Amino acid sequence: MRAILLGGGLSLLISLLGTRVAIGYFTRRGYGQEIRDDGPASHHTKKGTPTMGGLVIIAATVVAYFAAKLITLTAPSASALLLLFLVVGMGLVGFLDDYIKISNKRNLGLRSKAKMVGQTVIAVVFGALALSPWLEDENGRTPASHKISFLREIDWLVLPTILAVILIWLIVTGTSNAVNLPDGLDGLATGASAMVFAAYTLMNIWQNNQFCQDDPSSQCYNVRDPLDLAIIAAALTGACFGFLWWNAAPAAIFMGDTGSLALGSALAGFAILTRTELLLIILGGLFVLITLSVMIQVSVFKVSRSSGLVRRVFGIQAGHRVFRMAPLQHHFEMLGWEQVTVVIRFWIITGLFVATGLGVFYAEWVARL
């Protein structure tokens, strides 16, 4: 428990102070955000705001984790190192995207194919290592499982290694891109992510307290290194809160793709390593809703343009848009909501999803008593 408190506290302090330093440095270097021309008009005032603040979140998390391990004189675990590899690797992909935007002075970074290649390489390496027998502990547990999981592993849903790696790739790339979508309003992605990371901190502590030893019971959790995962979850929570101090409206700095891809991959990593893959749909419900809004908008727009039958059946025009603008948060902006109102209400929605997820997680354990 001491290591968890150290990880969260140190990360909060590093992020809070480090972000202030980053704002000054990025401002002097001219590393400002470029704004999409077709976005809400109110966002044009954000042009030039320092970006790539996700570097501070990543650095604070990594430094805090290793400092906590050093202070408590304990060795890093395989699960923790894999998760940090995933976060840093995805953060690097996001950094390249952000840096190209800044260098070219336009809101277009890495090409979509190049970005997907980078995400795929990191996700596949993470998945292959997480399933590798080389990283088994003394009880034969690997960091990830071949079984699909909800609150625990589902025994009859066992995948061969290649399919398990593909599933991990889908979860990592899907979640990292999903967290990237709400990163357009000051503090929205940061605050929502912090709540989900806090939930994983509690879940990992609980899993550690109910850890399967040599004589497992039906209530224990067959998870490798839950305590170390709790340290990283606490560090990420602290880093997000420290960054949010400067990222809250009006934002003095943005996390950029550097931060959003790193945070999204971290959420996916926790879901995979804690054997709660499907529970992420509830905990990260806000990100699911925002992603669905984009999918619906694009699908309806394309289908209505190409199919006269669809237009006649549903009585819509070619190029019909379900929302005034996607992602979902911009739809409410176009309805006249202030940015701060959208952010706070979306935080409330996130809190409800997180509370529901934690309730389901605990209720399942109680039901096994």
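This one's a predicted model, so the numbers in the text were calculated from it and none came from an experiment.

Caption draft 1: Focus on the packing of aromatic side chains. Overall, the coordinates contain eleven aromatic pairs when judged by the stated rule. With a centroid separation of 5.0 Å and an interplanar angle of 85°, the aromatic rings of Trp 206 and Trp 365 are classed as edge-to-face. With Trp 206 in helix 6 (residues 188-209) and Trp 365 in helix 13 (residues 339-367), this pair connects stretches of sequence that are 159 residues apart. Given the relative accessible area of 25%, Trp 206 is considered partly exposed. Between the aromatic rings of Phe 332 and Phe 346, the centroid separation amounts to 5.9 Å while the plane-to-plane angle is 80°, which identifies the pairing as edge-to-face.

Caption draft 2: Highlighting the nonpolar core. Formed by 87 residues in total, the largest nonpolar core has its most connected members in Val 172, Tyr 200 and Phe 270. Apart from the residues lying within four places of it in its own chain, the contact partners of Val 172 are Leu 86, Met 90, Ala 123, Phe 126, Ser 265, Ala 268 and Ile 272.

Caption draft 3: Representation of the layout of surface pockets in the model. Looking at the second largest pocket, its volume works out to about 450 Å³. Gly 174, Thr 175, Leu 280, Ile 281 and Val 288 are the residues nearest the centre of the second largest pocket, which is lined by 18 residues in total. Mapped by element, the contributors of at least two residues to the lining of the second largest pocket are helix 5 (161-180), helix 9 (280-283) and helix 10 (285-306). In terms of residue count, the dominant contributor to the lining of the second largest pocket is helix 5 (six residues). Tallied by class, residues from the lining of the second largest pocket come to 13 nonpolar, four polar and one charged.

Caption draft 4: Spatial organisation of the packing of helix 6 against helix 7 (residues 226-247). Running from amino to carboxyl end, helix 6 crosses helix 7 at an angle of 160°, the nearest separation of the two axes being 8 Å. What the angle tells us is that helix 6 and helix 7 run roughly antiparallel. The element helix 6 and its partner helix 7 pack so that their crossing is left-handed. For the contact of helix 6 with helix 7, a count of residues per class yields 16 nonpolar, nine polar and no charged.

Caption draft 5: Structural view of the environment of Pro 76. Topologically, Pro 76 is positioned in the loop between helix 2 (54-71) and helix 3 (78-104). The sequence separation of Pro 76 and Asp 228 amounts to 152 residues, and the corresponding C-alpha distance is 7.5 Å. Ignoring any residue separated from it by four or fewer positions in sequence, one finds Pro 76 in contact with Tyr 65, Phe 66, Lys 69, Leu 81 and Asp 228.

Caption draft 6: Structural view of helix 7. Between the first and last C-alpha of helix 7 there are 30 Å, a value that for 22 residues agrees with the 32 Å anticipated at 1.5 Å per step. Most of helix 7 is tucked away: 18 of the 22 residues are buried.

Reading the values: rules and limits
- Residues numbered from 1 in each chain as written.
- Predicted model: local features only at pLDDT ≥ 70, side-chain atom pairs only at ≥ 80, totals over all residues.
- Heavy atoms only, no water.
- Phe/Tyr/Trp six-rings, centres within 6.5 Å; stacked < 30°, edge-to-face > 60°.
- Helix = DSSP H or I, 4+ residues; strand = E, 2+ residues; numbered from the N terminus.
- Buried < 20%, exposed > 50% of the residue type's maximum accessible area, 1.4 Å probe, protein only.
- Core = buried A, V, L, I, M, F, W, Y, C linked by side-chain atoms within 4.5 Å.
- Contact = heavy atoms within 4.5 Å.
- 1 Å grid on protein atoms, 1.4 Å probe; cavity = no way out; pocket = protein on both sides within 12 Å on 5 of 7 lines; lining within 4 Å.
- Points joined across faces, edges and corners; volume = space filled by probe spheres on them.
- Nonpolar A, V, L, I, M, F, W, Y, C, P; charged D, E, K, R; others polar.
- Axes fitted to C-alpha atoms, helices over the stretch in contact; angles between N-to-C directions.
- Parallel < 35°, antiparallel > 145°, perpendicular 65-115°, else oblique.
- Left-handed = near helix turned anticlockwise from the far one by under 90°.
- Expected span 1.5 Å × (residues − 1).

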